[in-house]
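The lines below spell out each chain.
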Amino acid sequence: MNVPTESASIRPRVLIKVLIAAALFMGMVQLLAWFISNHPNSRWRLAAAAAPIAVAGLCAAAAWSSVEGMDERAVRMHLEALAFAFIASLVFLMTYSFLSLAEVVTLHFELITPVMVVFWVLGIGIGLWRYR
Amino acid sequence: VKNRLRVLRAEREWSQQELAERLRVSRQTVNSIENGRYDPTLPLAFRIARVFEQPIEAIFEDGA
């Protein structure tokens, strides 16, 4: 029987795993963006563009493993964190895109993932405080 | 929803961890319920009632 323990609710190890996978993804995206822009005629261009999908799969697996073994309070906390991350990211990115229309800032699409991750971590923090 | 979880647990001299293991949840969940910060779902409320061998309404009280 899988009994959630002290660490099962917060699971910092899983959180670290997700953050490492997300950082790996971002690093890979940057590297491949550099490769594609510097080698526009390379025959590896398409493969390079598709490569982050495999790392994105790692992120998804790490995130899913965080759901397994959670008890109902932790599941609720994470669902609320996801809802918060989705709404906050939407507002943030809409604001950002309007500002980019006015040419105040430049919108980078690779920002979307880290923005969502940051808001998700923030949402987890809010949940931990709320259900402490 | 108010509850008598802390009192019932103290009567049995169980730690939060012991109760958490009996309920198959984390210690933090027991703590949250005791502090009134988290209301358990109906299945968990039934498990709590079974563990303490009392009807649900003897453990949980509608705050309204």
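Residues numbered from 1 in each chain as written. Chains lettered and ligands numbered in written order. Predicted model: local features only at pLDDT ≥ 70, side-chain atom pairs only at ≥ 80, totals over all residues. Heavy atoms only, no water.

**Things to note about the overall build of chain B**
Then, number 1: Looking only at helices and strands, chain B features 5 helices and 2 strands.
Then, number 2: A burial count over chain B gives 41% of its 64 residues as buried.
Then, number 3: Carbon and sulfur atoms make up 47% of the accessible area of chain B, which amounts to about 3,600 Å² in all. (Helix = DSSP H or I, 4+ residues; strand = E, 2+ residues; numbered from the N terminus. Buried < 20%, exposed > 50% of the residue type's maximum accessible area, 1.4 Å probe, protein only. Areas by Shrake-Rupley, 256 points an atom, 1.4 Å probe, with all protein chains shown as cover.)

**Let's talk about the overall build of chain A**
Then, number 1: Within chain A, the regular secondary structure consists of 6 helices and 0 strands.
Then, number 2: Listed N to C, the secondary structure of chain A is α-α-α-α-α-α in terms of helices and strands.
Then, number 3: Put simply, chain A has 132 residues, and 29% of those count as buried.
Then, number 4: Taking all contacts inside chain A whose residues are at least 6 apart in sequence as the whole, residues at least 24 apart take part in 73%.
Then, number 5: Accessible area for chain A stands at about 8,500 Å²; split by element, carbon and sulfur atoms hold 74% of it. (Contact = heavy atoms within 4.5 Å.)

**Notes on a nonpolar patch on the surface**
All names here are of chain A.
Then, number 1: The grouping of F86, I87, L90, V91, M94, F98, L101, F109, I112 and M116 at the surface amounts to a nonpolar patch, some 1,000 Å² of accessible area in total.
Then, number 2: Among the elements of the structure, α5 (72-101) and α6 (112-130) are those that each provide at least two residues to the nonpolar patch.
Then, number 3: If you tally residues by element for the nonpolar patch, the top one is α5, at 7 residues.
Then, number 4: Within the fold, F86 resides in helix α5. (Patch = residues over 30% accessible without salt bridge, like charges linked within 9 Å, V, L, I, M, F, W, Y side chains within 5 Å. Salt bridge = Lys/Arg side-chain N within 4 Å of Asp/Glu carboxyl O.)

**Thoughts on the packing of aromatic side chains**
Then, number 1: In this structure the tally under the stated criterion is 5 aromatic pairs over all chains.
Then, number 2: Plain terms: the ring middles of F84 of chain A and F119 of chain A are 6.1 Å apart, the flat faces sit at 80° to each other, and that makes the pair edge-to-face. Here the residue F84 of chain A occupies a position in helix α5, and F119 of chain A occupies one in helix α6, the gap between them amounting to 35 residues.
Then, number 3: With relative accessibility at 17%, the residue F119 of chain A sits in the buried group.
Then, number 4: Site record: aromatic cluster; members linked through ring pairs are F84, F92, Y96 and F119 of chain A.
Then, number 5: Above the face of the W14 of chain B ring, R12 of chain B is positioned so that its terminal group lies 6.0 Å from the ring centre. (Phe/Tyr/Trp six-rings, centres within 6.5 Å; stacked < 30°, edge-to-face > 60°. Lys NZ or Arg CZ within 6 Å of the ring centre and 35° of its normal.)

**Side note on the packing of helix α2 (residues 16-23) of chain B against helix α4 (residues 42-52) of chain B**
Axis angle and axis distance: for two packed helices, these are the angle between their axes and the distance between the axes, and together they describe the pair.
Residue and element names in this part refer to chain B.
Then, number 1: At a minimum axis distance of 10 Å, the contact between α2 and α4 shows a crossing angle of 115°. When the interaxial angle is binned, α2 and α4 end up roughly perpendicular. The element α2 and its partner α4 pack so that their crossing is right-handed. Note on element contacts: α4 touches α2 through L44, R47, I48, V51 and F52, opposite L19, R22 and L23. (Axes fitted to C-alpha atoms, helices over the stretch in contact; angles between N-to-C directions. Parallel < 35°, antiparallel > 145°, perpendicular 65-115°, else oblique. Left-handed = near helix turned anticlockwise from the far one by under 90°.)

**A word on α2 of chain B**
Residues and elements named next belong to chain B.
Then, number 1: Every buried residue of α2 is accounted for by Q16, L19, A20 and L23. End-on, the buried residues of α2 take up no more than an arc of 105°, which puts them together on one face.
Then, number 2: Just downstream of α2, R24 is the residue with a positive phi angle, here 60°. (Arc of directions from axis to C-beta.)

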